[in-house]
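Listed here are the chains, written in short residue letters.
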Amino acid sequence: MNHVLDVRTLPSSPGGRMSAEWWGIAGLIVIEGMVFIALVVSYFHLGQRNPSWPPPGIEAPHVPLATLNTLLLIASAAPIWLAARTLSRGSERAAKLALASGIVLLAVFLGIKLYEYLTLPWGPRTHAYGSVVFAMSGLHMVHVFAVLVKSSVVLVYIHQRRIDPERRAALDANALYWYFVIAVWLPLYGAIYWAPRLF
Amino acid sequence: MNDDGHSMLAPASDAASSIATLWWLMLGIAGAVFVLVIGLYGYAALRRRGDAASDDDDPASMRRAQRLVLLGGGVVPAVILVGMTALTIVTLDRLLTEHHGSEADVEVIGHQFWWEIRYLGSGAVTANELHLPVGRPTRVRLRTADVIHSFWVPRLHGKMDMTPGRTTELVLHPREAGTYRGFCGEFCGLQHSLMGLLVIAQPPDRFAEWQQAQARPAEVSTDARVAIGADVFARADCGLCHAVRGGARSTPPADVGPDLTHVASRRTLGSATVPNTVQHLRQWIIDPHRLKPGVRMPATRLPDEELDALVAYLESLR
Amino acid sequence: MSAAGPAAIAPSDAIRAALERVWGRERSFVGALSAVNHRAVATRYMVTAAVFFVLGGIQALVIRTQLAQPGLEVLGPEAYNQFFTMHGTTMMFLFAVPMMEGIGMYLIPLMIGARDMAFPRLNAFGYWVYLFAGVTLYLSFFVGNGPDSGWFNYVPLAGKSFASGSGIDFWVTTITFLEVAALVAAIEIVVTVMKLRAPGMAMHRVPLFVWSQLVMAVMILFAMPPLILASLMLGLDRMTGTHFFNVGAGGDPVLWQHLFWVFGHPEVYIILLPALGIVSSVVTVFARRRIVGYSLIVLSMIAIGFLSFGLWIHHMFTVGLPAMGLTFFAAASMMIAVPSGVQIFCWLATLWLGRPSLKTPLLYVLGFVFVFVAGGLTGVMVAAVPFDWQVHDSHFVVAHFHYVLIGGAVFPFLAGLHFWFPKVVGRTMHEGLGKLAFWIVFVGFNITFFPLHQLGMEGMPRRVYTYLPETGWGFLNLVSTAGAYLLTLGLLLVLWNVYRSARSGASASANPWNADTLEWSIASPPPVFNFAEIPVVHDRHPLWSAAAPDDAPELVGLELIDLERPRRETLATTVLDAQPASRRVLPGPTLWPMALAASVAVLVIGSMIDLWFVAIGAVLTIISMIGWLRPPRREALP
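All values derive from a computational prediction rather than experimental measurement.

Quick notes on the overall build of chain C
Now for step 1: What chain C contains, in helices and strands, is 18 helices and three strands.
Now for step 2: What you see for chain C is a C-alpha radius of gyration of 25 Å, in line with the 26 Å of a compact globule of 638 residues.
Now for step 3: Counting only C-alpha atoms, chain C reaches 80 × 60 × 50 Å along its principal axes.
Now for step 4: Long-range contacts, defined here as pairs at least 24 residues apart, represent 81% of the contacts in chain C between residues at least 6 apart.

Things to note about the overall build of chain B
Now for step 1: Looking only at helices and strands, chain B has seven helices and 12 strands in total.
Now for step 2: Relative to the compact-globule value of 20 Å for 318 residues, chain B shows a C-alpha radius of gyration of 27 Å, a clear excess of over 25%.
Now for step 3: In chain B, which comprises 318 residues, the share counted as buried stands at 42%.
Now for step 4: By sequence separation, contacts in chain B at least 24 residues apart represent 67% of the contacts at least 6 residues apart.

A look at the interface of chain C and chain A
By convention, interface size is frequently given as the accessible area that disappears when the constituent parts associate.
Now for step 1: Across the contact, 49 residues belong to chain C and 46 residues belong to chain A.
Now for step 2: Elements with a minimum of two residues in the side of chain C that touches chain A: helix 6 (167-195), helix 7 (208-240), helix 8 (253-287), strand 1 (554-556), strand 2 (568-573), strand 3 (580-586) and helix 18 (611-629) of chain C.
Now for step 3: Classifying every residue of the side of chain C that touches chain A by side-chain character gives 32 nonpolar, eight polar and nine charged.

Points about the sheet that holds strand 9 (residues 178-184) of chain B
Residue and element names in this part refer to chain B.
Now for step 1: Strand order in the open sheet formed by five strands is 4-10-9-6-7, with mixed pairing between adjacent strands. The open sheet has two edge strands, strand 4 (129-133) and strand 7 (160-162), and neither has a second partner. Across the sheet, the mean angle separating the axes of adjacent strands is 25 degrees when strand polarity is ignored.
Now for step 2: In the packing of helix 3 (residues 204-215) onto the sheet, the strands contacted are strand 4 and strand 10 (196-202), and the crossing angle to strand 4 comes to about 135 degrees.

Remarks on the arrangement of the chains
Now for step 1: Contacts between protein chains span two pairs of chains, and they are most numerous for chains B and C.
Now for step 2: Without any contact between them, chain A and chain B keep their closest C-alpha atoms 9 Å apart.

Some thoughts on the pairing of strand 1 (residues 106-111) of chain B
All names here are of chain B.
Now for step 1: The element strand 1 is extensively covered by neighbouring structure, given that five of its six residues are classed as buried.
Now for step 2: Across five bridges, strand 1 lies against strand 5 (residues 138-144) in parallel orientation. Across the sheet, residue Glu107 finds its bridge partner in strand 5, namely Arg141.

Some remarks on the confidence of the model for chain C
Residue and element names in this part refer to chain C.
Now for step 1: With 97% of its residues at a pLDDT of 70 or more, chain C shows a mean pLDDT of 93.
Now for step 2: Between the elements of chain C, mean pLDDT differs from a low of 87, seen in strand 1, to a high of 98, seen in helix 15 (residues 431-457).
Now for step 3: Both confidence scores are given for the complex: pTM 0.95, ipTM 0.96.

Looking at helix 14 (residues 395-425) of chain C
Now for step 1: Along helix 14 of chain C, the largest kink reaches about 45 degrees and is centred on Phe419 of chain C; proline Pro422 of chain C follows within four residues of it.
Now for step 2: The positive-phi residue at the C-terminal boundary of helix 14 of chain C is Gly426 of chain C, with phi of around 90 degrees.

Focus on the interface of chain C and chain B
Now for step 1: Facing the 70 residues of chain C at the interface are 74 residues of chain B.
Now for step 2: Broken down by secondary-structure element, the contributors of at least two residues to the side of chain C that touches chain B are helix 4 (77-112), helix 8, helix 10 (323-335), helix 11 (337-353), helix 12 (360-383) and helix 13 (385-391) of chain C.
Now for step 3: The element that contributes the greatest number of residues to the side of chain C that touches chain B is helix 11 of chain C, accounting for 12 residues.
Now for step 4: When the residues that make up the side of chain C that touches chain B are grouped by side-chain class, the tally is 48 nonpolar, 13 polar and nine charged.

Observations concerning helix 8 of chain C
Residues and elements named next belong to chain C.
Now for step 1: Taking 1.5 Å of rise per residue, 35 residues should cover 51 Å, and helix 8 covers 51 Å from first to last C-alpha, within 8% of that figure.
Now for step 2: At Trp261, helix 8 is bent by approximately 30 degrees, the largest bend along its length.
Now for step 3: Burial analysis of helix 8 places 34 of its 35 residues in the buried class, which makes it a mostly covered element.
Now for step 4: Downstream of helix 8 by a residue or two, Arg288 has a phi angle that is positive, lying close to 55 degrees.

Here we look at the nonpolar core
Now for step 1: Val129 and Ile220 of chain C are the most contacted members of the largest nonpolar core, which totals 341 residues.
Now for step 2: The greatest single-element share of this core, amounting to 23 residues, is contributed by helix 8 of chain C.
Now for step 3: Setting aside chain neighbours within four positions, we find Val129 of chain C in contact with Phe177, Val180, Ala181, Ala597 and Val600 of chain C.
Now for step 4: In this structure, Val232, Val244, Tyr313 and Leu317 of chain B belong to the second largest nonpolar core, which totals 18 residues.

Re the environment of Thr240 of chain C
Now for step 1: The residue Thr240 of chain C is located in helix 7 in this model.
Now for step 2: It is 21 Å that separates the C-alpha atoms of Thr240 of chain C and Phe152 of chain C, two residues lying 88 residues apart in sequence.

Overview of the environment of Leu72 of chain C
Residue and element names in this part refer to chain C.
Now for step 1: Mapped onto the fold, Leu72 is located in the loop between helix 3 (38-66) and helix 4.
Now for step 2: Classification of Leu72 by C-beta neighbours within 10 Å gives partly exposed; the count is 14.
Now for step 3: In this structure, the C-alpha to C-alpha distance between Leu72 and Ile336, residues 264 residues apart in sequence, is 41 Å.

A look at the packing of helix 2 (residues 59-97) of chain B against helix 10 of chain C
Now for step 1: At their nearest, the axes of helix 2 of chain B and helix 10 of chain C sit 10 Å apart, and the two run at 155 degrees to each other. For the element pair helix 2 of chain B / helix 10 of chain C, the angle class is roughly antiparallel. The two elements helix 2 of chain B and helix 10 of chain C cross, and the hand of that crossing is right-handed. For the pair formed by helix 2 of chain B and helix 10 of chain C, the contact residues are Leu81, Met84, Thr85, Thr88, Ile89, Leu92 and Leu96 of chain B on the first element and Ala323, Thr327, Ala330, Ala331, Met334 and Met335 of chain C on the second.

Brief notes about the environment of Ile163 of chain A
Now for step 1: If you trace the backbone, Ile163 of chain A turns up in the loop between helix 5 (128-159) and helix 6 (169-198).
Now for step 2: In sequence terms Ile163 of chain A and Arg93 of chain A are 70 residues apart; their C-alpha atoms lie 12 Å from each other.
Now for step 3: Beyond its immediate sequence surroundings of up to four residues, Ile163 of chain A is in contact with Val154, Tyr157, Ile158, Arg168, Ala170 and Leu171 of chain A together with Pro631 of chain C.

Some remarks on the sheet that holds strand 8 (residues 168-172) of chain B
All names here are of chain B.
Now for step 1: Read across the sheet, five strands follow the order 3-2-1-5-8 without closing on themselves; strand pairing throughout is mixed. Sheet topology places strand 3 (125-127) and strand 8 at the edges, where each strand pairs with a single neighbour. The average angle at which neighbouring strand axes cross in this sheet is 25 degrees, direction not considered.
Now for step 2: With six bridges joining them, strand 1 and strand 2 (residues 114-119) adopt antiparallel strand pairing. Pairing of Val106 across the sheet is with Tyr119, part of strand 2.

Let's talk about the packing of helix 6 of chain C against helix 7 of chain C
All names here are of chain C.
Now for step 1: Where helix 6 meets helix 7, the axes come as close as 8 Å, and the angle between the chain directions of the two elements is 155 degrees. Accordingly, the angle class assigned to the pair helix 6 and helix 7 is roughly antiparallel. In this structure, helix 6 crosses over helix 7, and the sense of that crossing is left-handed.
Now for step 2: By residue class, the composition of the contact of helix 6 with helix 7 is 21 nonpolar, five polar and three charged.

Considerations on unusual backbone geometry
Residue and element names in this part refer to chain C.
Now for step 1: Going from Val155 to Pro156, the amide bond is cis rather than trans, its omega being 0 degrees.
Now for step 2: Assignment of secondary structure puts Pro156 in the loop between helix 5 (120-142) and helix 6.
Now for step 3: One non-glycine residue, Leu560, lies in the positive phi region at around 45 degrees.
Now for step 4: Relative to the assigned elements, Leu560 resides in the loop between strand 1 and strand 2.
Now for step 5: We classify Leu560 as buried; it has 23 C-beta atoms within 10 Å.

Here is what the cut-offs are and how they apply
One numbering rule holds for all chains: residues counted from 1, following each sequence as written. Written order decides the labels, with chains lettered from A and ligands numbered from 1. pLDDT decides what is reported in this predicted model: residues at 70 or higher carry local features, side-chain atom pairs at 80 or more are listed and counted, and totals for whole chains, interfaces and linings draw on all residues regardless. Numbering of helices and strands runs from the N terminus, with a helix taken as a DSSP run of H or I at least four residues long and a strand as a DSSP run of E at least two residues long. Our radius of gyration is a C-alpha quantity, and the globule rule it is checked against amounts to 2.2 Å times the number of residues to the power 0.38. C-beta atoms are first placed from the backbone for all residues, and any pair lying within 7 Å is then listed as a contact. Here the C-beta atoms are placed from the backbone, and a residue counts as buried if at least 20 other C-beta atoms lie within 10 Å of its own, exposed if 12 or fewer do, and partly exposed otherwise. Under the grouping applied here, Gly and all other residues not named as nonpolar or charged are polar, the nonpolar ones being Ala, Val, Leu, Ile, Met, Phe, Trp, Tyr, Cys and Pro and the charged ones Asp, Glu, Lys and Arg. A pair of strands is considered paired only if DSSP assigns at least 2 bridges between the two. Fitted lines through C-alpha atoms serve as axes, helices being fitted only where they are in contact, and the angles separating the N-to-C directions of these axes extend from 0 to 180 degrees. The pLDDT value tells you how sure the predictor is about a given residue, anywhere from 0 up to 100. Bend, at a single residue, is the angle you get between axes fitted to the 7 residues ending at that residue and the 7 residues starting at it. One less than the residue count of a helix, multiplied by 1.5 Å, gives the span that helix is expected to have. Each nonpolar core consists of buried Ala, Val, Leu, Ile, Met, Phe, Trp, Tyr and Cys residues. Their C-beta atoms, within 7 Å, join them into a set. In these notes the angle categories are as follows: under 35 degrees is roughly parallel, over 145 is roughly antiparallel, 65 to 115 is roughly perpendicular, and the rest is oblique. Crossings are assigned a handedness: left-handed for a near helix turned anticlockwise from the far helix by less than a right angle, right-handed for a clockwise turn.

Okay, structure coming up:
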């Protein structure tokens, strides 16, 4: 006799790669990743079209502040990882605390970025160089801001017990996207801050 | 404005000939492939079968069918395409060998919606009429003053774009004397359609004569009406856009519109749109948009006698 | 249902009634706006795309009328430029892609044995975005202020200095917005095909049409982002004074061309691939035998998907790029003909070994082969760089890509229309009228577009609103225009056939063609829940195969509904071999997707007018997203 499976007994909200949501976010990451790739390629294309890059009279943004800020952004991976892990183990309090500290790190990152770019002596209208650098940093800042808003909503939901250890797909998806926003900054950082100094 | 044709299938230079040859070869190959594939499909769709057609899927016959598919649809096309790639490379190489070499002889600058033509050695400047010597390669440098245009004279060569921030080159080498029509090959705005030009290939001595004449400043006629016309030209601000080199009323160089130093010697008005007759010249000045809607030149309202004088002045610029 | 595998007890009336209730929606205006079922949304996509096809077709007919003879004044240059810009934009963005995605949305769940797609609300959202974007673009056109720089919008002609009106702003914003819809649908298709296939439908048993949609959707994910970036840059250049494309300040117009064609070339194959999937379906059913070379066809489609990203330079052969690069791209452009050739021969072999039944759908497929092979061959020709230098941006190219796009997409689409009409509407189309219309469309098409090859070689550029009598192009243009009217007549006959068959055609059985895939196992039209019982698959052609193999596990509970607590449920399976993995609970009707689409519309379209709209739109967007995604409190759960 064949083995019999009653499909009604299957789980209804699997996590991780078993869930459709995980695949959906993966698709979103492909799309956004392509936008950033196209942007970085455009940056180098314009650089190669210009005799000097950045053009004379414009200095690439300073490395130390941006490096510090980048480390801050990378560091924010820890609390979100911790938040996902503690929630899955049933500790909502710890999850909230971890998520909140991650949000604070993102806010500081965003603040420093704003300061950095608002005090530059050149802007997006100065030269194609300024346009593309502001587009790279600006688009990334929009993403960080989106993660910030989304995570704050998730935080409130955990507090309101709309998200809990059994229903944590939203937090997992949020974490996946958060890692992506960190990862995508690294090539931008390399292109903006190091490429003009190395080549 | 009659010309001696503008079909790439009637080549008047070696470059255009090699492209035409490439086309005929490819047409032959493509035609054979097309007839074969459509014939096979026709047979497959219409052939009469016994009722006991093979609906079986025994793995052996399926594999045989797949092998035939790979051969007919994969291997054979790949071989043909490698051949066509080789043809492409050979033709491309032939076209590009002429490009190695010296400085450009002529610069052609695309404008919305006309062609500025500068002979770099002699200082001759004209518009919409490119004269070339027969039997000798002329290196043409291409650039644009505004948007992207593309320089295309099918009987002489393929097209080449004129893109802001870049210069490109073509070598034109007409084999026989004639008038060949050219076109703008890249959509460039309202009057892309009527942005034509004439290429006039002449025996070298005739060409040299022409070039000398074009390089000279305008001759000042003593005719009274012409003098009035020159005055009108200045007062109506024609000189803001159009240059007339030399002469009593030498205008500062302006290249918004065509150089008019020898306008009366040209065959056409409005970028090879209408023959250059007194009647057309009048119409063009009063309302160029009737002949060529969207052209950049504004209409000019003038009393009849001033218009007559202006036309007389322009007609004197031979 | 022979496909359902082991003899299951037919679902009881109680189960059917419960399914009916839980998958249905209120019959009211608000109920209609809040529908999320895949067939409801897909039908809207297809009908809207058909309306845009008619609009784009009318533009084409006016364009052809203007060109019938030299010097006509049906349209002035301003209007003409808007007409051809809108024609291209409409056909590529508002007709072809949404139509193909709409067909996929309708058929994929039916073909893979699912009750809906993976994210039904996202589907609804995508539709509203598509509708709002399309309507906004057309508003600009109807007030005489449409975009006029061509669907390719080359800078600097499309920049602020040469196009100071708002037409291009409309294009940039609505197309960026529209891409969101295409991308959302692509994610939806990928996840649905990956996760929701019927038990047993392993990757090597997935119907070829579904494969074609999967490859198309993955291509969309990779191809559309560069266009989004490009139109974002153009919008910033135009509206905020950046310099991405401004040579005077270090920018480069050729950057636009790269970004546009990195999208634009795959776009052609994005339109073509699902059409090839339709052809595979029709060939199988009307050759009345199993398809030859299933794996070859799948591999060919994947190969086309990959290769199409490496060809974009062939749109830029005349820019003056280095010759080495040109040769590489010429070779690559020619080689993409190989996977197409393999598919052509697979269908040929299938027909050869089968017993072809020359009904209307197969006629359209044969018409497709004729036209598409011709267009493919001229495509190989224009990949030859020197020849391209002659015919680039001439009417030869106009002929070539209409052979490829109408041949490659519209003919298969019409084949699919006649093939699936009985399933969707529940009535069959009139066969005699269908055949008559086919011949008129086929002959009309060739009369319209064949002469354009010759005109291009005789020097007639593209995108010209008129030409001089002395060019000698008048006769062939007249022939072409006459063909355009004939083609229109044929398409009107198709439309008439659709109309009268929908009203009074003979009613269709579940499987009128004796077809092989799962959608034909259920009633025509299908019930609102698709499958009363999730089918189990053991073969590539499930309806043609005998019972399950002996060692197959027996699945029970496939009616998948809890009568105590009825919810919308479908079965999720593993990615590769489609083993049952979980139950996917799907959401019901809601207005939030429409609210979100409207909010994003305020943000994106308002950005043309004032930055305040961006702020307002952003706030509305966040509110709508919260409303959409807010999970219930734990206490509120049953």
